[in-house]
Amino acid sequence: LGSPSTSVSRRRTRMRLLLQFKGKTTEVHADSADTVIAAAHDALALPSDEWRLKIVAKGKQLQPGASLPALAEGAKLMVMASSITAVERGLTSRSDPTVRGFAAEDEAASRRAADTAGGADEVSVWCTSQDAEHKFCRFEPCTWQSFGTRPSSTTPHAFEARKLLLRLATDPAVVGIMRERRYRVGTLAEMDPIDDRLAEKMEGGGKRLLGYNTNHGMSIHVRLRTMDLRGFEAYPSLVDTLLHELAHNEVGPHNDLFWHLFAQLKADYLRHHARLAQSGALFSGASPLQLAGVAEQVSDVRAAVLGTVARDRMAPLPPAQEALLDGYFSLTERRGGNAVGGAERQGDSGEGASHASARALAAERAEARRLQQEQQQQQQQHGERDGGGRDHL
């Protein structure tokens, strides 16, 4: 039974502790970790064969068989309880495949980064690659969340949109233009169909937004899908939109210089494919004219360029612009081909190449007009010396 002094000593070592569990405080008396755990099971009505307790004192969990840390009388201990049955069920159950761990999240992030990269390891129907420096650095298709309404089963997947962006970027004529003009675009993206609807609502008149260029080539967005989202626009139409937006890399407003530059890009594109077809080149077993859908346009490049520019301007090209285009054709033919893939330009550098070309052509046409006016004046003077009376047509 022990002496009275021993019993008094034992009572003095037991201290009053406060257990905090689910917002309530319960008082217990204990002198060791084991007695605290047993008292907690009894005081909180949590049988030890059904519940597993975790008791924390001063930031450390009390371990069975250990002594109590130095605690003051009335110290507060935090209690957490978990059902033994629930724990065993969690240990034996299969993991939820829809919940990804940290490693899976890192892998998914790496995969997304690779998907948005410039498609170095991807191959389009052209089986060609972009220029190492002058290229579209990233591709971004739209997901169904961007459509404003949930797409139907007939809506092409974002994977197909990405393939189409890659096809545009690796089109041999587009690659040539990017290299020759030294263009570099941060992101080639699919335009959100909602952007088109907002533009139509703001502008009215049934106008459709086909694309836009942000910060002179930081990103180019092209509307790939039809209005009903059931398919993609025709490839030649998408190329025209892309060339239009590439022209904005150099010229922002839709002025005469812009339309002349756009005409140059369109002419370069068609003549590049014409040369490829003449050389007998095949891409995925098909003619470049067939893949690009420009066989009819290549038969009359000048008419095709004028028609494309007039459609975009929504007005015929003025005679001065037609004269500039003819001068560009003449100039590039003298250099051994068109600007794309032809002889190396001398005196042109960087993005100002087309500006310098436009200025040179304008100077040529001005000189030609001056000589024509002088000739007309001489003819008029000659007619006056001969007695006049004749009309000059």
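Everything numeric in this text was worked out from a predicted model, so none of it was measured. (Residues numbered from 1 in each chain as written. Predicted model: local features only at pLDDT ≥ 70, side-chain atom pairs only at ≥ 80, totals over all residues. Heavy atoms only, no water.)

1. Here's the deal with the sheet that holds strand β7 (residues 185-190)
Strand order in the open sheet made by the four strands is β6-β7-β9-β8, with mixed pairing throughout. On the outer flanks of this sheet lie β6 (136-140) and β8 (211-214), each paired with one strand and no other. Going across the sheet, the axis of each strand differs from the next one's by a mean of 15°, ignoring polarity. Of the pairings in the sheet, the one linking β8 to strand β9 (residues 219-222) comprises four bridges and is antiparallel in character. Across the sheet, G211 pairs through a bridge with V222, a residue of β9. Strand contacts of helix α5 (residues 158-169): β6 and β7, with the helix running at about 160° to β6, the strand carrying the most contacts. (Pairing = 2+ DSSP bridges. Helix = DSSP H or I, 4+ residues; strand = E, 2+ residues; numbered from the N terminus. Axes fitted to C-alpha atoms, helices over the stretch in contact; angles between N-to-C directions. Contact = heavy atoms within 4.5 Å.)

2. A look at the sheet that holds strand β4 (residues 60-61)
A sheet is described by the order of its strands in space; here five strands give the open sequence β2-β1-β5-β3-β4, paired in mixed fashion. Each edge of the open sheet carries a strand with a single partner, namely β2 (24-30) and β4. The sheet strands contacting helix α3 (residues 84-92) are β3 (51-57) and β5 (75-83), and the helix crosses β5 at an angle near 55°.

3. Focus on the pattern of salt bridges
One pass over the structure, following the stated rule, counts 11 salt bridges. A salt bridge links K163 to E160; the shortest N-O distance between them is 3.7 Å. Here E160 and K163 lie together in helix α5, a separation of three residues that amounts to about one turn. Residue E160 is classed as partly exposed on the basis of its relative accessible area, which comes to 37%. Two residues, D268 and R181, come together in a salt bridge whose shortest N-O distance is 2.9 Å. With D268 in helix α9 (residues 256-278) and R181 in helix α6 (residues 172-181), this pair connects stretches of sequence that are 87 residues apart. The buried category is assigned to R181, whose relative accessible area is 1%. Residues joined in a network through salt bridges with shared partners are R181, D268 and R271. (Salt bridge = Lys/Arg side-chain N within 4 Å of Asp/Glu carboxyl O. Buried < 20%, exposed > 50% of the residue type's maximum accessible area, 1.4 Å probe, protein only.)

4. Examining the packing of α6 against α9
Remark: α6 packs on α9, axes separated minimally by 9 Å, with the N-to-C direction vectors making an angle of 130°. Here α6 is positioned oblique relative to α9, judged by the angle of their axes. As α6 runs across α9, the sense of the crossing is right-handed. Contacts between α6 and α9 involve P172, A173, V174, I177 and R181 on the former and, on the latter, L261, Q264, L265, D268, Y269, H272, H273 and L276. Split into classes, the residues belonging to the contact of α6 with α9 amount to eight nonpolar, three polar and two charged. (Parallel < 35°, antiparallel > 145°, perpendicular 65-115°, else oblique. Left-handed = near helix turned anticlockwise from the far one by under 90°. Nonpolar A, V, L, I, M, F, W, Y, C, P; charged D, E, K, R; others polar.)

5. Some words on the environment of L246
Following the sequence through the fold, L246 ends up in helix α8 (residues 235-247). Put simply, L246 and Y212 are 34 residues apart on the chain and 9.5 Å apart in space, counted from C-alpha to C-alpha. Apart from residues lying up to four places away in sequence, L246 is in contact with F136, M178, Y183, V185, I220 and L265.

6. Re the confidence of the model for the protein chain
Taken as a whole, the protein chain shows an average pLDDT of 80; of its residues, 71% reach a score of 70 or greater. Ranking the helices and strands of the protein chain by mean pLDDT puts α8 first, with 97, and helix α1 (residues 4-13) last, with 49. Across residues 5-12 the pLDDT falls below 50, and counting only partners more than four positions away or on other chains, this stretch makes zero contacts in the model. (pLDDT = per-residue confidence, 0-100.)

7. Considerations on the nonpolar core
Formed by 53 residues in total, the largest nonpolar core has its most connected members in F136, L188, L242, L246 and Y269. At 11 residues, the largest contribution of residues to this core is made by α9. Setting aside anything within four residues of it in sequence, one finds Y269 in contact with D171, A173, V174, I177, Y235, V239, L243, A292 and V294. (Core = buried A, V, L, I, M, F, W, Y, C linked by side-chain atoms within 4.5 Å.)

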